[in-house]
Amino acid sequence: MTPKSVIGAKQNFRFSHKQRVRGAEVDAHRVVLNAQFQKYFDAAATEYWRSLSLPYEQSMAQLGAELYVKKFSLEYFAPGHCDDLLDVRLRCARIGNSAIDVEGAVFLGDELLVSCEQILVFANPVNQRPIPVPADFRKVIEDFEAGLPVVSYRAGSWDELSDDALELRIEVFVEEQGIALESEVDLHDSHAMHVVAYNGMGQVVATGRLLPSENDQAKIGRVAVKRSLRGTGLGTGVLRALQALAAQRGDTMVKLHAQCTSRSFYEKLGYLAYGNVFEEDDLAHIKMSLSLLGGDLSRQRPLQANGIPWP
Ligand SMILES: CC(C)(COP(=O)(O)OP(=O)(O)OC[C@H]1O[C@@H](n2cnc3c(N)ncnc32)[C@H](O)[C@@H]1OP(=O)(O)O)[C@@H](O)C(=O)NCCC(=O)NCCS
């Protein structure tokens, strides 16, 4: 058993998930029900997989496996109360042949409330027999825990990246948003520079494109992130990579047509909206722009092995 001094130190965990205690989760004394903590750890585990950029279901299907909970033990040190903002921490402590040991802790501020130890077993979903944890899956977890990137960004032409970019664009724009395939794939694709983000298992998780420069102005479009991984920074990563490519070729400004539902996403990255809302592909859009002359824009970012800057 891991000693409390190790589990009880926040800095021993990279992964953190914030969880507000709601009224339905406490007893008559407004103390969090003990079984509720298992649900908090489960909710945090979902976010943990998202932090690894692994769409859980798709990844397990690709690996032909499932993770089964063999052991889940909790130790209580102090109570939680209604409205507390809990900090649920998780880490992978060890990967054996087929077993993955997970440790967790719930903190309120710096105070340890509850710790947990779990053993997950990687197994065949048909007969539930343990199978070895595959090397690529193991590496994603180990890289994440070591603070290394779990996503790589590749830039290239349509010839090089169309299969991968299209796989995700069809999933997001055609199947999810109902845009016609004929409008989704257009003549600009073959002239554009494309960026595709891959997770540690080689799955496509995000994409976007940069049209040829016109009067030192870049146009970015078709930015899409795998649905189950949104909100984990992949959209920002793709946009920064595209902006860095534009800055490298001497563009001074980026323009784009943002779906109104994504306006805040671009605003958080410094884009400003201008003009009136208009319809494109039956969806409300707004024009937005970003100056590349501001100075902070990824020009000095270190390059990945493939030559494009880390977002
Ligand atoms: C829009 C999209 C690309 C954003 O990608 P993402 O990976 O989810 O974005 P990030 O995780 O990098 O988010 C960066 C910030 O923007 C916020 N954000 C992301 N999408 C948002 C949205 N639609 N509305 C408001 N805020 C949003 C995030 O919460 C995050 O905020 P924080 O820094 O305060 O935590 C993604 O939601 C997507 O693929 N949507 C469907 C396709 C689409 O509409 N593309 C845009 C066409 S113009």
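Residues numbered from 1 in each chain as written. Predicted model: local features only at pLDDT ≥ 70, side-chain atom pairs only at ≥ 80, totals over all residues. Heavy atoms only, no water.

*Asks:* Can you help me understand the sheet that holds strand 2 (residues 66-76) in this one?
*Replies:* Note on sheets: strands pair through backbone hydrogen bonds, and any given pair is parallel or antiparallel. Across the sheet, which stays open at both edges, the five strands sit in the order 1-3-4-5-2 with antiparallel pairing between neighbours. What marks the edges here is a single partner per strand, and that holds for strand 1 (15-20) and strand 2. The sheet shows a mean angle of 25° between the axes of neighbouring strands, direction not considered. With six bridges joining them, strand 1 and strand 3 (residues 85-95) adopt antiparallel strand pairing. Bridge pairing links Phe-15 to Leu-90 in strand 3. Where helix 2 (residues 36-51) meets the sheet, it contacts strand 1, strand 2, strand 3, strand 4 (99-108) and strand 5 (111-123), and its direction lies at approximately 65° from that of strand 3. (Pairing = 2+ DSSP bridges. Helix = DSSP H or I, 4+ residues; strand = E, 2+ residues; numbered from the N terminus. Axes fitted to C-alpha atoms, helices over the stretch in contact; angles between N-to-C directions. Contact = heavy atoms within 4.5 Å.)

*Asks:* Looking at this structure, I do not really get the domain arrangement of the protein. What am I missing?
*Replies:* In terms of domain boundaries, the protein breaks down into domain 1 (11-145) and domain 2 (151-291). Averaged C-alpha coordinates put domain 1 and domain 2 at centres separated by 33 Å. Contact residues are listed per partner, giving eleven residues for domain 1 and 13 residues for domain 2. Between domain 1 and domain 2 the total buried area reaches about 1000 Å² when both faces are included, carbon and sulfur atoms providing 54% of it. Where domain 1 touches domain 2, the interface holds zero salt bridges. The tally of links between domain 1 and domain 2 comes to seven residue pairs in polar contact (both at pLDDT 80 or more). (Domains from an automatic or database assignment. Buried area = accessible area lost by both parts, 1.4 Å probe. Salt bridge = Lys/Arg side-chain N within 4 Å of Asp/Glu carboxyl O. Polar contact = N/O pair within 3.5 Å; in protein donor to acceptor, adjacent residues only side chain to side chain.)

*Asks:* Is there a simple way to explain the side chain of Asp-189 in this structure?
*Replies:* The topology assignment puts Asp-189 in the loop between helix 6 (181-184) and strand 7 (193-199). Side chain to side chain, Asp-189 and Arg-169 meet in a polar contact 2.8 Å long. Setting aside anything within four residues of it in sequence, one finds Asp-189 in contact with Trp-158, Arg-169, Glu-184, His-194 and Arg-209.

*Asks:* Can you help me understand the side chain of Arg-50 in this one?
*Replies:* As for its placement among the helices and strands, Arg-50 is situated in helix 2. Beyond its immediate chain neighbours, meaning those up to four positions away, Arg-50 contacts Ser-228, Leu-229, Arg-230, Gly-231 and Thr-232.

*Asks:* Hey, could you run me through helix 2 in this one?
*Replies:* Within an α-helix, residues lying three or four positions from one another point in the same direction, as the helix has 3.6 residues per turn. The terminal C-alpha atoms of helix 2, which comprises 16 residues, lie 23 Å apart, in line with the 22 Å expected from a rise of 1.5 Å per residue. Buried within helix 2 are the following residues: Gln-36, Phe-37, Tyr-40, Phe-41, Ala-44, Tyr-48, Trp-49 and Arg-50. Among the residues trailing helix 2, Ser-53 stands out with phi positive, at a value near 60°. (Expected span 1.5 Å × (residues − 1). Buried < 20%, exposed > 50% of the residue type's maximum accessible area, 1.4 Å probe, protein only.)

*Asks:* Quick question: what am I supposed to make of the packing of aromatic side chains here?
*Replies:* Where two aromatic rings form a pair, the distance of their centres and the angle of their planes describe that pair. The full count for this structure, using the stated rule, is ten aromatic pairs. On the numbers, 4.9 Å between centres and 65° between planes, the contact of Phe-265 with Tyr-266 is edge-to-face. Here Phe-265 falls in the partly exposed class, since its relative accessible area comes to 27%. Centre to centre, the rings of Tyr-266 and Tyr-271 are 5.6 Å apart; their planes meet at 75°, and the pair counts as edge-to-face. Of the two residues, Tyr-266 and Tyr-271, neither departs from the other in class, the shared state being buried. Directly above the aromatic system of Phe-144 lies the positively charged group of Arg-14, at a separation of 4.3 Å from the ring centroid. The aromatic ring of Phe-13 is capped on one face by Arg-91, whose charged end is 4.5 Å from the ring centroid. (Phe/Tyr/Trp six-rings, centres within 6.5 Å; stacked < 30°, edge-to-face > 60°. Lys NZ or Arg CZ within 6 Å of the ring centre and 35° of its normal.)

*Asks:* I keep staring at the pairing of strand 11 (residues 272-280) and nothing clicks. Help me out?
*Replies:* Residues in a regular strand project their side chains so that they alternate between the two faces of the sheet. Counting buried positions over the nine residues of strand 11 gives zero, only a small fraction of the element. Two strands pair when backbone bridges link them, and strand 11 and strand 12 (residues 283-291) are joined in this way by six bridges, in the antiparallel orientation. Across the sheet, the residue bridging to Glu-279 is Ala-284, located in strand 12. Counting the residues in the hairpin turn of strand 11 and strand 12 gives two residues, including Asp-281, whose phi is positive at 50°.

*Asks:* Help me understand the packing of helix 2 against helix 4 (residues 135-145) in this model?
*Replies:* Each pair of packed helices can be summarised by the angle the axes make with each other and by the distance between the axes. Close contact between helix 2 and helix 4 brings their axes to 10 Å; oriented N to C, the two are set at 95°. Taken as axis vectors, helix 2 and helix 4 run roughly perpendicular relative to one another. For the pair helix 2 and helix 4, contact is made by Tyr-48, Trp-49 and Ser-51 and by Phe-137, Ile-141, Phe-144 and Glu-145, respectively. The residue inventory of the contact of helix 2 with helix 4, partitioned by class, reads five nonpolar, one polar and one charged. (Parallel < 35°, antiparallel > 145°, perpendicular 65-115°, else oblique. Nonpolar A, V, L, I, M, F, W, Y, C, P; charged D, E, K, R; others polar.)

*Asks:* Got a minute to help me understand the nonpolar core in this structure?
*Replies:* In summary, soluble globular proteins display a tendency toward joint burial of nonpolar side chains. Formed by 68 residues in total, the largest nonpolar core has its most connected members in Ile-100, Phe-137, Ile-141, Ile-220 and Tyr-271. Top contributing element to this core by residue count: helix 7 (residues 234-248), with eight residues. Once residues within four sequence positions are removed from consideration, Ile-141 is found in contact with Tyr-48, Trp-49, Leu-52, Cys-92, Ile-95 and Ile-100. (Core = buried A, V, L, I, M, F, W, Y, C linked by side-chain atoms within 4.5 Å.)

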